[in-house]
Amino acid sequence: MKKIALTLIAVSALGLAACNKSSPANDALNNAANSMNNAVEDVRGAANDMRGDAANVAAAGQDELNQAVQSTTNVTESTTSAIANETTTK
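This is a predicted model, so every value here is computed, not measured.

1. Considerations on the overall build of the chain
Thought 1: Check the secondary structure of the chain and you find two helices and zero strands.
Thought 2: Within the chain, the fraction of its 90 residues that count as buried is 8%.

If you want it as structure tokens, here you go:
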């Protein structure tokens, strides 16, 4: 995405340099370059938001996994204890 944006900006700059220095053409090219820069920033912001969301989902998944492991450990300990009590009482 970054390469595409930089290429578009470079093409706009070349177009600006090649034009006959007419103000409307310069304004149009400057507006296009500004729009592209804004779009790049929007994409960068969206990518950062998605990265943060993915990290939150991963953390939540890890929490769920930790809870499942703890529950399994508790069941195993209870079962082991029950078996130990059963064998010692006989």
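2. Description of the pattern of salt bridges
Thought 1: One pass over the structure, following the stated rule, counts one salt bridge.
Thought 2: For Glu41, the salt bridge is made with Arg44, and the minimal N-O distance between the two is 2.5 Å. Here Arg44 and Glu41 lie together in helix H2 (residues 23-89), a separation of three residues that amounts to about one turn.

So, how was this worked out
Residues numbered from 1 in each chain as written. Predicted model: local features only at pLDDT ≥ 70, side-chain atom pairs only at ≥ 80, totals over all residues. Heavy atoms only, no water. Helix = DSSP H or I, 4+ residues; strand = E, 2+ residues; numbered from the N terminus. Buried < 20%, exposed > 50% of the residue type's maximum accessible area, 1.4 Å probe, protein only. Salt bridge = Lys/Arg side-chain N within 4 Å of Asp/Glu carboxyl O.

Keep in mind that these numbers describe shape and distance, not what the molecule does.
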